[in-house]
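Observations on the three-dimensional arrangement
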Amino acid sequence: HLTVMPLSHLFQPTQDLKVRMWRVRLERARPDDPMFDSCDDTLVTGAERLEEVALESISVDCSTKGNPFCIFFRPALSYIDDGDQFEVEISGLRGHEGSRHFFHEFSSLRDDRKDHHLMGVAKELVDVMNKKSLWRADGGSATGLPPPGDSGASDTE
């Protein structure tokens, strides 16, 4: 089952609630795009719908326990692969907007992929720490941290 949890203080289901799902190819902001944020390079700027995915079941939970508005649904897929991307549309909502779109990208957490994911996150951290905007021209840090490669110990110790 997959779940979507619209903000319950902004949206509530109606009797016309519908869920649709598509396999998509997500488009992300590139570094030369004005929308690109170096701290969040996952910004989705668009999605190309490749095919609609049938749903086997849909359930809605509006109980007062846990999230007060949760939609559970089961796509008619035998498996979801690493890197699969989907768009989910929820319509028939009461609130500011009558429908919402959610985008999901799945990453494998299998044992044989743990090192791959760890190295990917480590590379992202190194890229962030190497940004010149974090460090002052005098070698000090705008964050109070020593620059990369500096243990923080002074030469006089």
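The structure we're discussing is the one just above.
None of these values were measured; they are calculated from a predicted model.

Attention shifts here to the overall build of the chain. Looking only at helices and strands, one finds 1 helix and 7 strands in the chain. The order of helices and strands in the chain, counted from the N terminus, is β-β-β-β-β-β-β-α. Buried positions account for 22% of the 157 residues belonging to the chain. On the chain, roughly 11200 Å² of surface is accessible, and the fraction owed to carbon and sulfur atoms is 51%.

When strand β2 (residues 11–28) meets strand β6 (residues 85–95), the two strands line up antiparallel, connected through 9 bridges. By the bridge assignment, Arg20 is partnered in β6 with Glu89. Of the pairings in the sheet, the one linking β2 to strand β3 (residues 44–53) comprises 8 bridges and is antiparallel in character. Looking across to β3, one finds that Arg25 is bridged to Glu48.

With that settled, the discussion passes to the environment of Arg100. The topology assignment puts Arg100 in strand β7 (residues 99–105). For Arg100, a relative accessible area of 29% gives the class partly exposed. Leaving out residues up to four positions away in the same chain, Arg100 has contacts with Phe11, Val88, Glu89, Ile90 and Leu93. Within the structure, the side chain of Arg100 is placed 2.9 Å from the side chain of Glu97, a separation counted as a polar contact.

Soluble globular proteins tend to pack their nonpolar side chains together in the buried interior. By size, the foremost hydrophobic cluster in this structure holds 14 residues, and its most contacted members are Val19, Met21, Ile71, Phe73, Val88, Ile90 and Leu93. Sorting the residues of this core by element identifies β1 (2–4), β2, β5 (70–75) and β6 as the ones contributing at least two each. Dropping the residues within four chain positions of it, Phe73 is found in contact with His1, Leu2, Thr3, Val4, Val19, Met21, Leu55, Ser57, Ile58 and Val88.

Now for the side chain of Asp84. Mapped onto the secondary structure, Asp84 falls in the loop between β5 and β6. Overall, Asp84 belongs to the buried group, its relative accessible area being 14%. Side chain to side chain, Asp84 and Arg23 meet in a polar contact 3.4 Å long. Reaching out from Asp84, the side chain makes a polar contact with the backbone nitrogen of Asp81 at a distance of 2.8 Å. Discounting residues that sit within four places of it in the chain, Asp84 has contacts with Arg23, His104, Glu105 and Phe106.

Take the environment of Asn67 next. Positionally, Asn67 belongs in the loop between β4 (55–61) and β5. If we ignore the near neighbours within four places in the chain, the residues touching Asn67 are Met5, Pro6 and Asp61.

Pairing is antiparallel in the open sheet, where 4 strands are placed in the order β3-β2-β6-β7. Each edge of the open sheet is held by one strand with a lone partner, namely β3 and β7. Strand-to-strand twist across the sheet, computed as the mean angle between neighbouring axes with direction ignored, equals 40°.

Conventions used here
- Residues numbered from 1 in each chain as written.
- Predicted model: local features only at pLDDT ≥ 70, side-chain atom pairs only at ≥ 80, totals over all residues.
- Heavy atoms only, no water.
- Helix = DSSP H or I, 4+ residues; strand = E, 2+ residues; numbered from the N terminus.
- Buried < 20%, exposed > 50% of the residue type's maximum accessible area, 1.4 Å probe, protein only.
- Areas by Shrake-Rupley, 256 points an atom, 1.4 Å probe, with all protein chains shown as cover.
- Pairing = 2+ DSSP bridges.
- Contact = heavy atoms within 4.5 Å.
- Polar contact = N/O pair within 3.5 Å; in protein donor to acceptor, adjacent residues only side chain to side chain.
- Core = buried A, V, L, I, M, F, W, Y, C linked by side-chain atoms within 4.5 Å.
- Axes fitted to C-alpha atoms, helices over the stretch in contact; angles between N-to-C directions.

Taken by themselves, the reported measurements are silent on function.
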